[in-house]
Protein chains: 2
Amino acid sequence: MTDDTPRWLDERQMNAWRGWIEAVTHIGQRIESDLRDDSGLTTDDYEVLVRLSEAPDRRLRMADLAHQVMNSPSRLSQRVDRMVRSGLLVRERCQDDRRGWFAVMTEEGYQRLSAAAPGHVESVRAHFIDQLSDEEIVFLAELMPRLARTEPD
Amino acid sequence: MTDDTPRWLDERQMNAWRGWIEAVTHIGQRIESDLRDDSGLTTDDYEVLVRLSEAPDRRLRMADLAHQVMNSPSRLSQRVDRMVRSGLLVRERCQDDRRGWFAVMTEEGYQRLSAAAPGHVESVRAHFIDQLSDEEIVFLAELMPRLARTEPD
């Protein structure tokens, strides 16, 4: 006989899960708002610009960029289109693969990222880092990258 | 003399912050995808339905619901409009405050939530709870609700 009773969360598990959802929402909204007010960029734009700024010649294949920012190709493509219209990026065709495209950061994109970065790091400190003890940072620095790579059995 | 050098994050702080962003994205995408495939609901819909299911008469003032799901009134209003069109909710005018509105869960909304809940809790277990040790759950159950209520100095 199969027991189909749902395995509801106990109180502690529920506190961890609801707390997670609420913390994600709270921190995300505040950092998004600070960044938009300071620079006009979204956190999604910012993440794309950071990844390109760290890449050789400030360019990445769209598929590699999608993987790095954990977006589906179609969703990244829409985001890149918006950033191209804003002058932050250009698309360039791959020379060795005529079906492929690079996303390339423009000088304007680089300047916008450079101008936004000091304020953004202060915002990340205010809403996240400075709210944590050293012990909590050590804990999260171990746990979060692991949680980001899990696959259920 | 003021030192305007940005206080960049050290390696451990950066691992905690980037790990956080990546874990939030990874877990959020997987649970969203499971819920949509299973029930056609978004996690935002689901959260609204849960809050209403826990409220007396399955109804909440829009302002109270916005506070509970940590949305701005305008953003919640758009979401509620979509859920009204889907038959999950109705809006009702407050009798004692002619400018105010309640969001009220329909019977269809309740049935959709009840049908979705067992699969959703399994998804939350698979992507979050089951990936954590008991010690990590205790830690997150303490830390996350606190992080969700922080205000910077």
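Structure shown above.
Not measured: the values here are computed from a predicted model. (Residues numbered from 1 in each chain as written. Chains lettered and ligands numbered in written order. Predicted model: local features only at pLDDT ≥ 70, side-chain atom pairs only at ≥ 80, totals over all residues. Heavy atoms only, no water.)

Student: Give a description of the overall build of chain A that names residues and reports values.
Tutor: Within chain A, the regular secondary structure consists of 6 helices and 3 strands. Counted from the first residue to the last, chain A has its helices and strands arranged as α-α-β-α-α-β-β-α-α. A globule of 153 residues ought to have a C-alpha radius of gyration of about 15 Å, yet chain A, at 19 Å, is considerably larger. The principal-axis extents of the C-alpha atoms in chain A amount to approximately 60 × 45 × 25 Å. (Helix = DSSP H or I, 4+ residues; strand = E, 2+ residues; numbered from the N terminus. Rg over C-alpha atoms; globule rule 2.2 N^0.38 Å.)

Student: Go over the interface of chain A and chain B, please, and point to the residues and values.
Tutor: If you look at the interface, chain A gives 58 residues, while chain B gives 58 residues. Counting the surface lost from both chain A and chain B, the interface buries some 5800 Å², and carbon and sulfur atoms represent 65% of this. When the area that chain A buries against chain B is broken down by residue, the three leading residues are A:Arg7, A:Trp17 and A:Trp20, summing to 11%. Counting the contacts that link chain A with chain B gives 12 salt bridges. A salt bridge links B:Glu22 to A:Arg149; the shortest N-O distance between them is 2.9 Å. Run the count over chain A and chain B and you get 22 residue pairs in polar contact (both at pLDDT 80 or more). Within the residue set of the side of chain A that touches chain B, elements represented by two or more residues are helix 1 (11-39), helix 2 (43-53), helix 5 (107-127) and helix 6 (134-147) of chain A. The biggest single contributor to the side of chain A that touches chain B is helix 1 of chain A, with 18 residues. (Contact = heavy atoms within 4.5 Å. Buried area = accessible area lost by both parts, 1.4 Å probe. Salt bridge = Lys/Arg side-chain N within 4 Å of Asp/Glu carboxyl O. Polar contact = N/O pair within 3.5 Å; in protein donor to acceptor, adjacent residues only side chain to side chain.)

Student: Got a sec to walk through the relation of the copies chain A and chain B? Specific residues and values, please.
Tutor: Rotating chain A by 180° and moving it 0.0 Å along the rotation axis overlays it on chain B with an RMSD of 0.0 Å. The symmetry that links the two subunits is that of a two-fold axis. Considering only C-alpha atoms, the part of chain A nearest the rotation axis is A:Val24, at 3.5 Å. A share of 100% of interface residues in chain A that are also interface residues in chain B marks the association as one of identical surfaces. (Least-squares fit on C-alpha atoms with pLDDT ≥ 70 in both.)

Student: Can you break down the side chain of A:Asp45 residue by residue, with the values?
Tutor: All names here are of chain A. Among the secondary structure elements, Asp 45 is positioned in helix 2. Arg 79 is the oppositely charged side chain nearest to the buried, salt-bridge-free Asp 45, at an N-O distance of 5.7 Å. Not counting residues up to four positions away in its chain, the partners in contact with Asp 45 are Arg 79 and Met 83. (Buried < 20%, exposed > 50% of the residue type's maximum accessible area, 1.4 Å probe, protein only. Lys, Arg positive; Asp, Glu negative; His and termini not counted.)

Student: Can you explain the sheet that holds strand 3 (residues 101-105) of chain B? Please cite residues and give values.
Tutor: Two modes of strand pairing occur in sheets, parallel and antiparallel, and in both the strands are linked by backbone hydrogen bonds. Residue and element names in this part refer to chain B. Read across the open sheet, the 3 strands follow the order 1-3-2; overall the sheet is antiparallel. In the strand order of this sheet, the two ends are held by strand 1 (59-61) and strand 2 (89-93), each with one partner. If you compare each strand with its neighbour and ignore which way they point, the axes differ by 25° on average. Summarising the sheet, strand 2 and strand 3 pair through 5 bridges and their orientation is antiparallel. By the bridge assignment for strand 3, Leu 89 is matched with Met 105. Helix 2 (residues 43-53) contacts strand 1, strand 2 and strand 3 of the sheet and is inclined by roughly 95° relative to strand 3. (Pairing = 2+ DSSP bridges. Axes fitted to C-alpha atoms, helices over the stretch in contact; angles between N-to-C directions.)

Student: Summarise the nonpolar core; cite the residues concerned and give the values.
Tutor: Counting 40 residues, the largest nonpolar core has A:Trp20, A:Phe128, B:Trp20 and B:Phe128 as its most contacted members. Of all the secondary-structure elements, those providing two or more residues to this core are helix 1, helix 5 and helix 6 of chain A together with helix 1 (11-39), helix 5 (107-127) and helix 6 (134-147) of chain B. Those residues in contact with A:Trp20 that lie beyond four places of it in its chain are A:Met144, B:Trp20, B:Ala23, B:Val24, B:Ile27, B:Phe128 and B:Met144. (Core = buried A, V, L, I, M, F, W, Y, C linked by side-chain atoms within 4.5 Å.)

Student: Describe the pairing of strand 3 (residues 101-105) of chain A, and please don't skip the residues or the numbers.
Tutor: All names here are of chain A. Of all the 5 residues making up strand 3, 4 are buried; the element is thus mostly covered by neighbouring parts of the structure. Looking at chain direction, strand 1 (residues 59-61) and strand 3 are connected through 3 bridges and run antiparallel. Directly across from Arg 59, in strand 3, lies its bridge partner Val 104.

Without other data, these values stay purely geometric and don't point to any function.
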